[in-house]
Amino acid sequence: MGTEGSRVVVPRNFRLLEELERGEKGIGDGAVSYGMDDADDIYMRSWTGTIIGPHNTVHEGRIYQLKLFCDEDYPDKPPTVRFQTRINMTCINQETGVVEPGLFPMLANWQREYTMEDILRSLRKEMSAPQNRKLNQPPEGNADQRMEQKDLVPRCLIL
């Protein structure tokens, strides 16, 4: 009755609760943070993240806001990660802000043990990589400067 090679698989919701608790405690150096986007989301799908730009890069002094979406197959598959704040990096789609899984090794080689905190730390580290540390950046401004669609129709007009 050996148990060698077997491991306990933590159910999705327990795993997300662990991540939420860790995010709320603010464990770490404060360079990244994360939490639930909507406290009423019982499926714990929508999360927000923040990355403070690393020193000695063009990102220094900037605060980046992100959205992370954990579908029902998380943590077996990675979340969708999207920068709300405009940023120029080689692994990010400039139109949508989505971190491209094929261009970001952590998402491309996803392992169940990885967490949202790991993703945020890895993105911060990627900001310091030679190919990203000196890239010209868009001007700073409001957090969500991205157009969700090209052909937006105003929902209301103030006259």
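Heads up: the structure comes first, above all this text.
Residues numbered from 1 in each chain as written. Predicted model: local features only at pLDDT ≥ 70, side-chain atom pairs only at ≥ 80, totals over all residues. Heavy atoms only, no water.

## Some thoughts on the nonpolar core
Residues Trp-47, Ile-51, Phe-83, Val-99 and Leu-123 are the most contacted members of the largest nonpolar core, which totals 29 residues. Put simply, the parts of the chain that give this core at least two residues each are α1 (12–25), β1 (32–36), β2 (46–52), β3 (63–69), β4 (80–83), α2 (105–108) and α3 (116–127). Looking at which element gives the most residues to this core, the answer is α3, with 5 residues. Apart from the residues lying within four places of it in its own chain, the contact partners of Ile-51 are Ala-31, Val-32, Arg-62, Ile-63, Tyr-64, Leu-66, Phe-83, Leu-120, Leu-123, Arg-124 and Met-127. (Core = buried A, V, L, I, M, F, W, Y, C linked by side-chain atoms within 4.5 Å. Buried < 20%, exposed > 50% of the residue type's maximum accessible area, 1.4 Å probe, protein only. Helix = DSSP H or I, 4+ residues; strand = E, 2+ residues; numbered from the N terminus. Contact = heavy atoms within 4.5 Å.)

## As for the environment of Gly-30
Along the chain, the position of Gly-30 falls in the loop between α1 and β1. Judged by its relative accessible area of 45%, Gly-30 is partly exposed.

## Topic: α1
For α1, which comprises 14 residues, the first-to-last C-alpha distance of 20 Å matches the rise-based estimate of 20 Å (1.5 Å per residue) to within 8%. Listing the buried residues of α1 in full gives Arg-12, Arg-15, Leu-16, Glu-19, Leu-20 and Gly-23. Down the axis of α1, the smallest arc covering the buried residues is 140 degrees, so these residues share one side. Summarising the geometry of α1, the exposed residues directed more than 90 degrees from the buried face are Phe-14, Glu-24 and Lys-25. Tucked into the core, α1 has its buried residues touching β1, β2 and α3. Looking one or two residues past α1, Gly-26 carries a phi angle of roughly 70 degrees, positive in sign. (Expected span 1.5 Å × (residues − 1). Arc of directions from axis to C-beta.)

## A few points about unusual backbone geometry
Note the cis peptide between Tyr-74 and Pro-75, where omega equals 10 degrees. Mapping Pro-75 onto the fold places it in the loop between β3 and β4. Positive phi values are uncommon outside glycine, yet Met-44 reaches one of about 55 degrees. With respect to the element layout, Met-44 can be found in the loop between β1 and β2. In this structure Met-44 comes out as buried when scored by relative accessible area, which is 7%. The backbone of Asn-56 shows a phi angle near 60 degrees, a positive value even though the residue is not glycine. Along the chain, Asn-56 falls in the loop between β2 and β3. Look at Asn-56 and you get exposed, because its relative accessible area is 63%.

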